[in-house]
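# Understanding the architecture of this molecule
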Amino acid sequence: MKTFKHSLILILLSLCCITGVQAQTKVIAHRGFWKTESSAQNSITALQKAAEADVYGSEFDVQLTSDGVVVVNHDDAIHGIVIGNTPYEKLKNITISNGEKLPTLEDYLKAGKKLDVQLILEIKPHKTKEIEDQAVETIVRMVKKYKLTRKVEYISFSLNICEQLAKLTPKSEIAYLNGDISPKELKSKGINGIDYHFNVLYKHPEWIEEAHNAKMKVNTWTVDNDKDMQRLIDMKVDYLTTDEPLKAKELTNK
Ligand code: MG
């Protein structure tokens, strides 16, 4: 009986693959789950709250300091101090809005390793190709050191950063954010995902199928209202990146 059940499951799984049935849309909390008590964008708390909310992934942004330390922050400046021009020593005591210290990538990876949530790591564009290459090398080395290669998925608006990632960690999930390149062209560069603003996908709905046919994942940002969420779920995107992860979960769980 058991063998029969197993065979049935295998047949169903094979059918799903053959017919190209897509898995259910999954939810990614944009900058962590920050619209909740004691949380803040890109804080360790936001990462922990995203895991508690039981979403697929928690997104966060990273920047390189002038002396090569990777810190977690969306903007290139914090409290008026430009991160890329400043050594870490001068940034380490800065607090973010929920009272936490400005997290480093290392802090984030250590916290994330213990949680059941994918880490969606956005590498921000930097001033020059050389600095971007240094950022990618530092980040990939650290992710490997903590044995998190399968748990970390990369995104970037910089094509150079995506290409460097494809060279240094080719088996990782890597998605380009800028919305101006077709999935096929990205695939030819070793980049295996698109993560485009939803208006780009409304303008180019054919890119979703093109990506899926090329075995690429489709993510979209930042989708906060129910109508857009439902429309994109119906369009069969793989991931919704949102500031409203609980609302998105309700829709995707139906
Ligand atoms: Mg981001």
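A brief structural summary. Source: prediction; values computed, not measured. (Residues numbered from 1 in each chain as written. Predicted model: local features only at pLDDT ≥ 70, side-chain atom pairs only at ≥ 80, totals over all residues. Heavy atoms only, no water.)

### Quick word on the overall build of the protein
- When helices and strands are tallied, the protein shows ten helices and eleven strands.
- A compact globule built from 254 residues would reach a C-alpha radius of gyration of about 18 Å, and the protein, at 19 Å, matches this within 12%.
- For the protein, the proportion of its 254 residues judged to be buried stands at 51%.
- Within the protein, contacts between residues separated by at least 24 positions form 55% of all contacts whose residues are at least 6 apart in sequence.
- As presented, the protein carries roughly 12,900 Å² of accessible surface, and 53% of it is formed by carbon and sulfur atoms. (Helix = DSSP H or I, 4+ residues; strand = E, 2+ residues; numbered from the N terminus. Rg over C-alpha atoms; globule rule 2.2 N^0.38 Å. Buried < 20%, exposed > 50% of the residue type's maximum accessible area, 1.4 Å probe, protein only. Contact = heavy atoms within 4.5 Å. Areas by Shrake-Rupley, 256 points an atom, 1.4 Å probe, with all protein chains shown as cover.)

### Details of empty space enclosed by the protein
- Counted by the stated rule, this structure contains one cavity of 30 Å³ or more.
- Space inside the largest cavity adds up to approximately 100 Å³.
- Taken together, 15 residues line the largest cavity, and the ones lying closest to its centre are Glu153, Glu173, Ala175, Lys217 and Tyr239.
- Among the secondary structure elements, those contributing two or more residues to the lining of the largest cavity are strand 7 (152-156), strand 8 (174-176), strand 9 (193-197) and strand 10 (217-221). (1 Å grid on protein atoms, 1.4 Å probe; cavity = no way out; pocket = protein on both sides within 12 Å on 5 of 7 lines; lining within 4 Å. Points joined across faces, edges and corners; volume = space filled by probe spheres on them.)

### Topic: the environment of Pro125
- In this fold, Pro125 is placed in the loop between strand 6 (118-123) and helix 4 (129-145).
- For the pair formed by Pro125 and Asn160, sequence separation is 35 residues and the distance between their alpha carbons is 8.8 Å.
- In this structure, Pro125 is in contact with Glu132, Phe157, Ser158 and Ile161, ignoring residues within four places of it in sequence.

### Description of the packing of helix 9 (residues 226-234) against helix 10 (residues 245-252)
- Interhelical geometry of helix 9 versus helix 10 gives an angle of 45 degrees and a closest axis separation of 10 Å. In terms of their interaxial angle, helix 9 and helix 10 are classed as oblique. The way helix 9 lies across helix 10 gives a crossing that is right-handed. Contact with helix 9, carried on its side by Asp226, Met229, Gln230 and Ile233, involves Lys247, Ala248, Leu251 and Thr252 of helix 10 and no other residues of that element.
- Residues belonging to the contact of helix 9 with helix 10 are distributed by class as follows: four nonpolar, two polar and two charged. (Axes fitted to C-alpha atoms, helices over the stretch in contact; angles between N-to-C directions. Parallel < 35°, antiparallel > 145°, perpendicular 65-115°, else oblique. Left-handed = near helix turned anticlockwise from the far one by under 90°. Nonpolar A, V, L, I, M, F, W, Y, C, P; charged D, E, K, R; others polar.)

### A word on the pairing of strand 6
- A large share of strand 6 lies buried, amounting to six of its six residues.
- Alternating positions in strand 6 separate into two faces, Gln118, Ile120 and Glu122 on one and Leu119, Leu121 and Ile123 on the other, with burial throughout.
- Pairing analysis gives six bridges linking strand 2 (residues 57-64) to strand 6, with the strands arranged parallel. By the bridge assignment for strand 6, Glu59 is matched with Ile120.
- Relative to strand 7, strand 6 runs parallel, the two sharing four bridges. Directly across from Leu119, in strand 7, lies its bridge partner Val152.
- Each parallel crossover has a hand, and for strand 6 linked through helix 4 to strand 7 it is right-handed. (Pairing = 2+ DSSP bridges. Right-handed = clockwise from strand over helix to strand, strands pointing away.)

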